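# Coordinate inspection notes
One-letter residues, chain by chain:
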Amino acid sequence: MSGFFAFRSFRTRLLVFLLALMLPVLLGIYGFVNRENNAYTADTIDSYLELGADVFDFTREEHKNTLLTITSTMTRYWGFRNAFGTGDPFTIIDAADNILMRSLGAADMMLIASMEGEVIIDTRMQGFEELEGEWRVLMDSAAASDDGIGDAIINVQGVPYQITVIPLFLPTPVAWIFGGFPLDNQFAATVKQSIVSDVSIVEYVHDGAPGNAAQVSVISSTLNSDDQQRLTNQLQLSGMTYTDTQRIALTDGEYGTLMRPLYGQPGDSLQIVAVIQKSYNENIENVQAFQNVLLQFYIAVIAVSLIAVVLLARSVTRPILDLALRVRRIEAGDYGQAVQVSGEDEIGQLAGSVNNMAKGLAEKEKVRDLLGKVVSHEIAEELLSKTIALGGEERIVTVLFSDIKGFTSLCENMAPEAVLTLLNRYLSEITEVIEANRGVVDKYTGDSVMALFGAPLNRPNDAQNAIATVLSIQSTIATLNATNRATGMLEIGAGIGVHTGLVVAGNLGSQNRLNYTVIGDSVNLSARLEGLTRKYHVPNIVSDATRADAPGFVYRELDLVRVAGKKEPVRIFEVVGREGEVDAATLSAVQAFATMLAHYRAQQWDDAQRLLDGLFSALESAAGEVSLYGVYAERIAQLRQTTLPADWDAVYTFDKK
Amino acid sequence: MSTSDPQVAPHNSRVLSCLISLAIFGFSVSAQAADLRIALQDAETGTPLEDAVVEVRVPDDMHAAHTTLGEFSVDQIDKEFVANVTVVTRGSSVRFPNSDDILHHVYSFSPAKVFELPLYGNGQNIDYQQMFDVAGVVEIGCNIHDWMLGYIYVAQTNFAVKTDAQGQAVISGIPAGAYSVRIWHSRAPVDSPELVQALVFDDAAPASLRMALTLERDTRLRRAPNVSRDRYR
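Residues numbered from 1 in each chain as written. Chains lettered and ligands numbered in written order. Predicted model: local features only at pLDDT ≥ 70, side-chain atom pairs only at ≥ 80, totals over all residues. Heavy atoms only, no water.

The next point concerns the overall build of chain A. Looking only at helices and strands, chain A features 17 helices and 19 strands. Taking all 657 residues of chain A together, the buried fraction comes to 44%. Restricting to contacts in chain A with at least 6 residues of sequence separation, those with at least 24 account for 61%. Here chain A has roughly 34,000 Å² of accessible surface; of this, 55% comes from carbon and sulfur atoms. (Helix = DSSP H or I, 4+ residues; strand = E, 2+ residues; numbered from the N terminus. Buried < 20%, exposed > 50% of the residue type's maximum accessible area, 1.4 Å probe, protein only. Contact = heavy atoms within 4.5 Å. Areas by Shrake-Rupley, 256 points an atom, 1.4 Å probe, with all protein chains shown as cover.)

This part covers the nonpolar core. All names here are of chain A. If you look at the biggest cluster of nonpolar residues, it comprises 43 residues, and the most contacted ones within it are F56, F80, F84, I112, I201 and L262. Of all the elements, helix α1 (residues 10-74) adds the most residues to this core, at seven residues. With residues up to four places along the chain from it excluded, the contact list for F84 reads I92, I112, I120, L168, L170, V174 and A175. V441, I492, I496 and F573 belong to the second largest nonpolar core, which has 35 residues in total. (Core = buried A, V, L, I, M, F, W, Y, C linked by side-chain atoms within 4.5 Å.)

A word on the packing of aromatic side chains. All names here are of chain A. Inspection of the entire model under this criterion finds 19 aromatic pairs over all chains. Both rings, one in F181 and one in F187, keep their centres 5.8 Å apart while their planes meet at 45°; by these two values the pair is tilted. Accessibility classification places F181 together with F187 in one group, the buried group. Taken together, the ring pairs connect F593, Y600, W605, Y629 and Y632 into an aromatic cluster. (Phe/Tyr/Trp six-rings, centres within 6.5 Å; stacked < 30°, edge-to-face > 60°.)

Here we come to the interface of chain A and chain B. Interface size is commonly expressed as the accessible area that is lost once the parts come together. With 13 residues of chain A at the contact, the number on the chain B side is 15 residues. When chain A packs against chain B, close to 1,300 Å² is buried across both sides, 53% of that on carbon and sulfur atoms. If you sort the residues of chain A by the area they bury against chain B, W78, P171 and T172 of chain A come out on top, with a joint share of 45%. For the pair chain A and chain B, the number of links is three salt bridges. Note that D146 of chain B is salt-bridged to R76 of chain A, the shortest N-O span being 3.0 Å. Counting every contact that joins chain A to chain B gives eight residue pairs in polar contact (both at pLDDT 80 or more). The set of elements that each furnish at least two residues to the side of chain A that touches chain B consists of α2 (78-86) and α4 (133-144) of chain A. Per-element accounting of the side of chain A that touches chain B gives the leading share, four residues, to α2 of chain A. Looking at the side of chain A that touches chain B, its residues break down into six nonpolar, four polar and three charged. (Buried area = accessible area lost by both parts, 1.4 Å probe. Salt bridge = Lys/Arg side-chain N within 4 Å of Asp/Glu carboxyl O. Polar contact = N/O pair within 3.5 Å; in protein donor to acceptor, adjacent residues only side chain to side chain. Nonpolar A, V, L, I, M, F, W, Y, C, P; charged D, E, K, R; others polar.)

Turning next to the sheet that holds strand β1 (residues 33-42) of chain B. All names here are of chain B. Read across the sheet, three strands follow the order β14-β1-β17 without closing on themselves; strand pairing throughout is mixed. The open sheet is flanked by β14 (168-175) and β17 (207-213), the only strands paired with a single partner. Averaged over neighbouring strand pairs, the angle between their axes works out to 20° when direction is ignored. One ladder, built from seven bridges, connects β1 with β17; its direction is parallel. Among the inter-strand pairings, L36 is bridged to a residue of β17, identified as A207. (Pairing = 2+ DSSP bridges. Axes fitted to C-alpha atoms, helices over the stretch in contact; angles between N-to-C directions.)

Further remarks concern the sheet that holds strand β2 (residues 53-57) of chain B. Residues and elements named next belong to chain B. Taken together, the four strands give an open sheet; going across it, the order is β13-β2-β15-β16, and neighbouring strands pair in antiparallel fashion. The open sheet has two free edges, formed respectively by β13 (160-162) and β16 (196-201), since each of these has just one partner strand. Neighbour to neighbour, the strand axes of the sheet diverge by 25° on average, direction disregarded. Relative to strand β15 (residues 177-184), β2 is paired through five bridges, and the arrangement is antiparallel. Bridging across to β15, R57 finds its partner in S180.

Counted according to the given criterion, the structure contains 30 salt bridges over all chains. Each of D54, D57 and R260 of chain A takes part in a single network of salt bridges with overlapping partners.

Following L170 of chain A, the chain continues into P171 of chain A via a peptide bond in cis, with omega recorded as -15°. Mapping P171 of chain A onto the fold places it in the loop between β4 (159-169) and β5 (173-182). Omega for the bond connecting A455 of chain A with P456 of chain A falls within 30 degrees of zero, at -5°, which places this linkage in the cis form. The topology assignment puts P456 of chain A in the loop between β13 (448-453) and α12 (462-487). A positive phi angle, near 50°, is found at D78 of chain B, a position not held by glycine. In this fold, D78 of chain B is placed in the loop between β4 (75-77) and β5 (80-82). According to the relative accessible area criterion, D78 of chain B is partly exposed, its value standing at 40%.

Residue and element names in this part refer to chain A. At a minimum axis separation of 10 Å, α1 and helix α5 (residues 185-195) run at an interaxial angle of 130°. Taken together, the axis directions place α1 and α5 in an arrangement best described as oblique. In this structure, α1 meets α5 at a crossing whose hand is right-handed. On the side of α1, the interface is formed by G52, V55, F56, T59 and H63, while α5 contributes F187, V191, S194 and I195. Along the lines of polarity and charge, the residues of the contact of α1 with α5 split into five nonpolar, four polar and no charged. (Parallel < 35°, antiparallel > 145°, perpendicular 65-115°, else oblique. Left-handed = near helix turned anticlockwise from the far one by under 90°.)

What follows deals with a negative patch on the surface. Together, E116, E118 and E129 of chain A together with D191 and E216 of chain B make up a negatively charged patch on the protein surface. The exposure class assigned to D191 of chain B is exposed, which follows from its relative accessible area of 69%. (Patch = residues over 30% accessible without salt bridge, like charges linked within 9 Å, V, L, I, M, F, W, Y side chains within 5 Å. Lys, Arg positive; Asp, Glu negative; His and termini not counted. Charge placed at Lys NZ, Arg CZ, Asp CG, Glu CD.)

All names here are of chain B. Residues at a pLDDT of 70 or more form 86% of chain B, whose mean pLDDT is 87. Every residue in residues 27-31 is under pLDDT 50, and counting partners more than four places away or in other chains gives one contact. At the level of chain-chain contacts, confidence expressed as ipTM amounts to 0.75, with global pTM at 0.56. (pLDDT = per-residue confidence, 0-100.)

Structure follows, in structure tokens:
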């Protein structure tokens, strides 16, 4: 279900949902109403039909009563009594015809028979002298009745007649007076006029054998011959009662059909029934008009609903789209304009929440940004990613200290603001270099920068990055010096110390005010090494540990030193440049110095001195190294005159910090 | 020889006739005269049957000796014939006075006598006498009032009598012999065999006729409901 409704647009979804809900309901209602309407229409027609059939019964009864009235009254008038009294049949039949005329068509025939059933006169001239068959049955039934009256349907010359019988009183019953009218097309037409239904008189003959079909024939009818044929084909008589309505298809549609008995009972071999029929189509215009109205109403309902849905969708979708846009912008880092959504409903609440969230995010980002500026971004991330807690972890970190020699004299004649500006420039350049080499600035102390390689995150080539940084700092300063030379400013020099070792990295300070940093012997050593650069007159000093972790560079071993606070002697080096980038002269100088150092440690003063002299002479162009050689020359001169212990390890001890 | 009869006038004549007959024939005749005691009842209900007529049919040659003519009248009172059944000897005459205040039209189409007295009122046709010269039952009716029905039983001889309310009657002076006795009632089926009895009369003891007749249903027309009006609009 949810898959089906996963449209791209909320409006489409709502529309589809509405239609999916409404259409079945509307169709259901339509179908139901239609069915009920049709049933009601059929019921109405059926009730009219029943009414019509009852009217037919009533009409026939009335006709019968009229017959009886005529035969009863007319035969008591003196003229007829006299005529009958004569016994002359020709006179009697004339008197009978006279009565028929006076009946104004209500009576069509008259037959007079003696009490024993001898036919005296018969206006229809059927030709029998004695009453037989149904006539006799009728006579007998009248004789058996209380008032001597009877009626029956009797076939007279092929036409079924409604016959009544009543005695002729002179003053006692002396004869039977039979009167009748035909149930012919005219009768059917007369009945149809009053009940506005089609009337047929149908004869049904069944010989009783179960396999044989019955013969159904129409005696008289208001239907045309085509429809009479359809009627005989479809009319069910066996098994039907007179209260069942049948549906029979005639030329112009289905007709509700009811039967009324005229002669015989259901199950008799001969039955004559009156068939009343009314078309169901009569009401069809009403039904169709109703259907049209209903359809129009539906269309209006659906149209209005669609519009309402579209409007509703819009009232929901628009603010949501605005919100989505805002969230997308937030995703992209734009915390700008707040979404204006009025209303206290869910969407309004959502908009409020989004606005607050954006504000919060903006603030956090500001803080993070700021934090990233105060500490390095990596430290900021480290801090933000973990729960702030005092304490730290031990790790191997390469610590780099760098300061600017000659900065103070550079700023002698400068105003404080200018000093700060200049300082910031240098620090920016150095920081850039450090971060470019994936180092992390730990802190600035005046003109000094402390950088970490391996904390908060360590990398496999932390030491190499540190050494690369050293070279970069030096070249940056060289560039700066070139600029300064042009403007007449004093030049500066770098002093960098690098050491790799175990530190404790973590948050130092109090809970509310802390500093992410590293502490440990390694840190101290690194700082010492930085300080020692002045002593050796080299731009950088790198410890042996770092050198071991940072291959790919050319190192000049400087000394074996013992610094205050650390018992173990440390071999220190100077990084000269990348392997492959150092020129041949420098390389040979490095080599020569290494040899000199070997002699020095072997107390071969003369060999050492000789090499030093060679280095001095090759030296005119490069600055700074003069003093390194000079340091050793001085030392040698001093050591020549000193008596050295047997276990002299050539370690130079720096007592002062 | 007595007959109980509510109608005084006609039966007075009859009694007179009988007395005269007795006087003529004297006691010698009475030695050969027999009585017939009649008691009839309705077979279905068991009640005494009134207005039944019993006639002793004697041979034709004896008719003259036992025919006494009389004058009778059948009145019309309150739109009914009174008496309903009247027994007359052939040759007698019957008057039909109208004691009602409306007109009546008396008629009969019976083969024994076809006659009519067209519309007449009280005081009219006082002297009119209809003679009934054929033996048989004459059914009289009124053309205006369909329910009015009366019977005049025209007997061949004097030996006919009508039963009273107790269903009893006596015929006296019947000559000894064996005769056919006919019984008639308006509701007895005409061809019923029980209506013809053969009886032997001798002067030793009176003959007795006790019967229960099986009658047909009463199919007479009912009196109209508004028959006793005193206004006409």
